Amino acid sequence: MATDIVAQLADSLAKTGVEDGELSYKGQGRKLNDAQSVEEIVKEIQDFEGLHALRLEGNTVGVEAAQAIAKALETKSEFKRCYWSDMFTGRLRSEIPPALNALGDAVMLAGARLTVIDLSDNAFGPDGVRGIEKLLKSTACYTLEELRLNNCGMGIGGGKILAASLMQCHKKSSSDGAPLSLKVFIAGRNRLENDGATALAQAFQLMGSLEEVHMPQNGINHAGVTALATAMQHNAGLKILNLNDNTFTEKGAIAMAQALKHLHNIQVINFGDCLVRPAGAKAIAETVSEGLPILKELNLSYGEITEEAALAVAQAVKNKNQLEKLDLNGNCLGEDGCKALKDIMEGMNMAQLLGSLSDDEGEPEDDDDDDEEDDEEEEEDDDEDEEDVDEEEIEEEEEEEEEEEESSGNKLSTPVSAARPPDVSSFLSFPSPDKLLKLGAKRALLMEQQVDVTDATKTAEAFLKIASVYKEENNDVKNAVLETIDAVLRKAFTTPSFQGYSFVSSLLVLLGLIKSEDKVKPVLVVPGHLHALEHVVRQDYFPKESVAVLEAFMSRNNKALELCGYTRNILQSTLQRIRSES
């Protein structure tokens with residue numbers, strides 16, 4: 001009897017965090033489609049007195065299931081924390097807004113006051129932001145402290161909706177005498193670009209309460225960076241600023257250096273892979289030297305920084321007693337520059353704080369004309385803005401199609417109906433699993449006809465676009481991707497004029513594993529790229545002499561591959577096995 005009671009208690013504690021009122025179903029991989037599938041969850045929510053947090057990460061939740069869970073939350077007035085990341089895998093994007101609306105309405109009806117919303121790793125696009133728009137403007141979010149929307153594909157449109165919602169929430173909460181004081185904002189890998197970042201900068205400036213900002217990999221150039229720099233000056237309590245893998249250039253870096261002068265509480269600065277260049281690095285070094293008393297980490301890696309600028313940065317951290325790490329890897333120091341940098345750090349008894357310099361690019365062959373390149377980037381920004389409008393229009397058309405399919409009773413995670421004639425060009429412009437499946441049974445032949453396999457670079461670009469929509473959990477999509485890739489690459493490698501070595505080189509450049517002399521912008525590496533590549537290297541058409549090349553680059557420490565660790569390990573194992581068998 002006593003044993004049974006202990007077992008029940010242990011089971012209960014395993015599911016819930018009693019001390020902080022947390023009910024967790026994290027990582028259980030449940031497929032929650034309807035009300036019946038969530039009966040157990042609903043009952044446990046209803047029976048949980050003093051529920052503060054609900055974790056649904058790592059499950060897949062449909063509209064009906066979300067509505068049932070929402071009903072149970074309607075009485076939970078003490079509810080504070082929504083941990084709802086990665087909970088729409090395999091769902092139509094059109095399913096996500098109503099699911100989020102239902103959950104948000106329940107929280108508002110309960111009179112809850114939220115402190116944390118985490119919806120990271122839900123690829124819901126701009127419409128997903130609309131699904132939480134009402135919640136963000138409500139009294140439930142007047143107390144919000146952490147907003148985590150990492151890797152949600154919000155795009156420029158979603159960024160603008162989010163910014164407007166936060167500003168409205170701040171306005172209304174200020175009228176009530178308790179202004180919204182958001183402390184943590186996380187929105188990496190969202191394609192926010194300049195316009196989305198600029199809109200959010202206005203919200204950041206208005207709130208002035210941020211302590212952590214993480215916005216890596218968002219395609220933000222100097223215009224958006226400058227807007228963010230202005231906003232950061234008004235957030236005096238900022239401790240962590242992570243803008244890794246955006247494109248500052250000299251203009252953005254100098255603007256950010258000026259902003260840092262106002263941030264005396266800053267502890268972590270991550271401007272790695274941001275192309276800060278020598279002048280930008282020197283400006284940042286000057287700010288570091290003059291202030292930032294409690295700086296712990298400074299990352300200026302992969303920024304085309306030369307020896308002189310790197311040494312200035314090293315000198316700037318001389319009196320930073322709390323410094324734990326200085327990262328200047330992947331710059332243009334050359335062998336002598338690396339030695340000089342190590343010598344300076346050793347002379348200051350700080351050698352152990354200097355990160356690896358293993359990926360140094362060597363001394364630059366000639367000086368870049370920064371002003372000319374910045375002008376070119378401004379022109380590119382204008383072109384990209386025009387393309388963004390087209391992309392959003394196309395996304396809206398796709399959403400309308402998906403909604404039509406859903407209303408007709410189609411609940412598949414990836415619809416297979418072909419409402420429009422197959423269009424390979426549309427897929428290659430803006431790839432999506434839906435578009436690939438809609439190309440039908442002849443998709444491989446259609447793609448084979450479209451891709452110019454005499455051009456190794458174009459073939460590599462096409463490979464990455466097809467591979468980007470790969471879904472390990474969806475056999476229809478997975479098979480379509482691999483079948484199409486096999487057709488294109490088999491044709492390419494059996495074409496006499498095709499240069500296999502050039503294809504592999506182009507692939508490595510596009511993946512960001514080799515730096516291009518032509519300043520080619522790498523793609524955002526996703527697991528699908530590596531899954532597809534692992535398949536390709538096992539095929540008879542792929543030249544075995546290229547396996548060793550791929551293995552060498554995949555074994556390097558590289559930022560581009562950090563988010564694909566599991567898939568990368570699988571690819572490395574396959575490459576090692578193939579090479580050992582040759």
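The rules behind these values
- Sequence order as written defines the numbering, with residues in each chain counted from 1.
- In keeping with the model being predicted, local features are shown solely for residues with a pLDDT of at least 70 and side-chain atom pairs are shown and tallied solely at 80 or more, while totals for entire chains, interfaces and linings include all residues.
- The basis for every side-chain value is the complete set of non-hydrogen atoms in the structure, without hydrogens or water.
- UniProt positions are given in the numbering used here, feature names are shortened, and annotations may be inferred rather than shown by experiment.
- Axes here refer to lines fitted to C-alpha atoms; in helices the fit is confined to the stretch in contact. Angles between the N-to-C directions go from 0 to 180 degrees.
- For helices the rule is a DSSP run of H or I covering at least 4 residues; for strands it is a run of E covering at least 2, with both sets numbered from the N terminus onward.
- Note: crossing handedness is left-handed where the near helix turns anticlockwise from the far helix by less than a right angle, and right-handed where it turns clockwise.
- In this analysis, two residues are considered to be in contact whenever any of their non-hydrogen atoms come within 4.5 Å of each other.
- Residues were grouped as follows: Ala, Val, Leu, Ile, Met, Phe, Trp, Tyr, Cys and Pro as nonpolar; Asp, Glu, Lys and Arg as charged; and all remaining residues, including Gly, as polar.
- A simple rule labels every residue: compare its accessible area, found with a 1.4 Å probe on the protein chains alone, to the largest value its type can have, and call it buried under 20%, exposed over 50%, or partly exposed in between.
- Every case where a carboxyl oxygen of Asp or Glu lies within 4 Å of a side-chain nitrogen of Lys or Arg is listed as a salt bridge.

- The name given to the chain in an unreviewed UniProt entry is Ran GTPase-activating protein 1, with the source organism recorded as Amphiprion ocellaris.
- One UniProt comment on the chain, placed under Sequence similarities (unreviewed entry), says "Belongs to the RNA1 family."
- According to UniProt, the comment filed for the chain under the heading Subcellular location (unreviewed entry) is "Nucleus".

**So, the packing of helix 17 (residues 456-467) against helix 20 (residues 527-536)**
In step 1: Their axes nearest at 8 Å, the elements helix 17 and helix 20 cross at an angle of 115°. Between helix 17 and helix 20 lies a crossing of right-handed hand. In contact with Phe463, Leu464 and Ala467 of helix 17, helix 20 contributes Gly528, His529, Ala532, Leu533 and Val536.
In step 2: For the contact of helix 17 with helix 20, the residue count by class is six nonpolar, two polar and no charged.

**A closer look at helix 8 (residues 222-232)**
In step 1: Across the 11 residues of helix 8, eight count as buried, placing the element largely inside the fold.
In step 2: When we look at burial in helix 8, the residues that qualify are His222, Gly224, Val225, Ala227, Leu228, Ala229, Ala231 and Met232.

**Comments concerning unusual backbone geometry**
In step 1: A positive phi angle, near 55°, is found at Glu193, a position not held by glycine.
In step 2: Take Glu193: it is sitting in helix 7 (residues 193-207).
In step 3: Judged by relative accessible area, Glu193 falls into the buried class, the value being 16%.
In step 4: Look at Thr249: it is not a glycine, yet its phi comes out positive at around 55°.

**A few points about the pattern of salt bridges**
In step 1: Overall, the coordinates contain 20 salt bridges when judged by the stated rule.
In step 2: Between Glu22 and Arg55 there is a salt bridge, and its shortest N-O distance comes to 3.0 Å. Separated by 33 residues along the polypeptide, Glu22 in strand 2 (residues 22-24) and Arg55 in strand 4 (residues 53-55) bring together distant segments of the chain.
In step 3: Judged by relative accessible area, which is 17%, Arg55 ranks as buried.
In step 4: Across the pair Asp540 and Arg490 runs a salt bridge whose closest N-O atoms are separated by 3.1 Å.

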